[in-house]
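Per-entry structural report
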Amino acid sequence: MKELIVLAVHGMGQRKPNFADGLEEELTDYLGANVMNKVSLQRVKYYSALQAPQDQLISDIWDKYHSQFSTISNFGRRFFMNSFSDATSLEIAGRRQTSEYMNIIKTIQAAMFKGMDECGFNLNVPVVIICHSLGAQVISNYFWDALNRTDARVWDKSHNDFLTNISDEQIAYLKGNRVKLMFTTGCNIPLFLGGLHQRQCFDKPNRQFSWLNYFDADDWLGWPLNDLGPSYQFVVDKCVQVGGIISGYTPWSHTQYWTDNKVYQPFGDHIRGYLGM
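Given the structure is predicted, the values throughout are model-derived calculations rather than measurements.

1. Section: the overall build of the chain
Each helix and strand counted, the chain has nine helices and six strands in total. For the chain, the spread of C-alpha atoms along the three principal axes comes to 60 × 50 × 40 Å. Nonlocal contacts in the chain, meaning residues at least 24 apart in sequence, comprise 79% of its contacts between residues at least 6 apart. A total of about 13,400 Å² of accessible surface is found on the chain, and carbon and sulfur atoms cover 52% of it. Here the chain contributes 25 positive and 28 negative side-chain charges, whose respective centroids are spaced 3 Å apart.

Okay, structure coming up:
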């Protein structure tokens, strides 16, 4: 049986199913297979909920304007659609509680439930979440709906068939009552909240919950969180230098966190600590 659940949540844009393989390899090298064999590493692949409508829209527009768009123009439009449309669509879908948003939250619920299964449904097993970029906003919305929103249909059994046969104790677990750590990298939550005078974080899911936020000074999409307001004062911001000679001093550093030892080693130390090793 596994003894710890780790949820890995990707950022914006098109993602391959193996998006967390680099992190897993680095953690295995650092911690050893004997430690990682105790970990149920679950990849939260929410991108599929948004990908299909984006691809269809791009296809429809390309069919209509293909004689006017160059190959480079089409590539650029696809890049911006798959990247920035994720962020804007997520927020609109969340407010309207659309089917796409429901599927995103269900993806997180399903990943955690699979981890619960691998841990023998021991509801005392701790959970750690590592999120990159937009993934932090996705998990923030997840906790907001679970803990702060009274009309969240995705947590209502009458609207979410995934919860039909799940006990109240298991639902409490899915809502985060054993989540010990949220570890964010290249987090862009301030881009969603910057224009608001009042910025409110979700309620902490339990007393032991902590949030570590790693960002690189050269990463324009990675931001500190502590200054967002009083409700974010518990977040611990850490400015680090990630990446190589070129990527480490450019916005490309946004893609380098999970395979940089200044990130995966402290994250691994927390894994080892929660396992009591």
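Still more to cover.
2. Topic: the packing of aromatic side chains
How two aromatic rings sit relative to each other is given by the distance of their centres and the angle of their planes. Taken as a whole and judged by the stated rule, the model has 15 aromatic pairs. A centroid spacing of 5.1 Å and a plane angle of 40 degrees characterise the contact between Phe-143 and Phe-202, whose relative ring orientation is tilted. With Phe-143 in helix H6 (residues 134-147) and Phe-202 in the loop between helix H8 (189-193) and strand E5 (210-215), this pair connects stretches of sequence that are 59 residues apart. When its relative accessible area of 0% is taken as the criterion, Phe-143 is described as buried.

3. Some words on the sheet that holds strand E6 (residues 236-239)
Strands sit in the order E2-E1-E3-E4-E5-E6 across an open sheet of six strands; the sheet is parallel. Strand pairing shows two members of the sheet lacking a second neighbour, strand E2 (39-44) and E6, which therefore form its edges. Averaged over all adjacent pairs, the angle separating strand axes in this sheet is 15 degrees, with direction ignored. Contacts between helix H9 (residues 261-274) and the sheet are confined to strand E1 (4-9), E2, strand E3 (127-132), strand E4 (179-185) and E5, with E4 contributing the most and set at about 175 degrees to the helix.

Cut-offs applied
Residues numbered from 1 in each chain as written. Predicted model: local features only at pLDDT ≥ 70, side-chain atom pairs only at ≥ 80, totals over all residues. Heavy atoms only, no water. Helix = DSSP H or I, 4+ residues; strand = E, 2+ residues; numbered from the N terminus. Contact = heavy atoms within 4.5 Å. Areas by Shrake-Rupley, 256 points an atom, 1.4 Å probe, with all protein chains shown as cover. Lys, Arg positive; Asp, Glu negative; His and termini not counted. Charge placed at Lys NZ, Arg CZ, Asp CG, Glu CD. Phe/Tyr/Trp six-rings, centres within 6.5 Å; stacked < 30°, edge-to-face > 60°. Buried < 20%, exposed > 50% of the residue type's maximum accessible area, 1.4 Å probe, protein only. Pairing = 2+ DSSP bridges. Axes fitted to C-alpha atoms, helices over the stretch in contact; angles between N-to-C directions.

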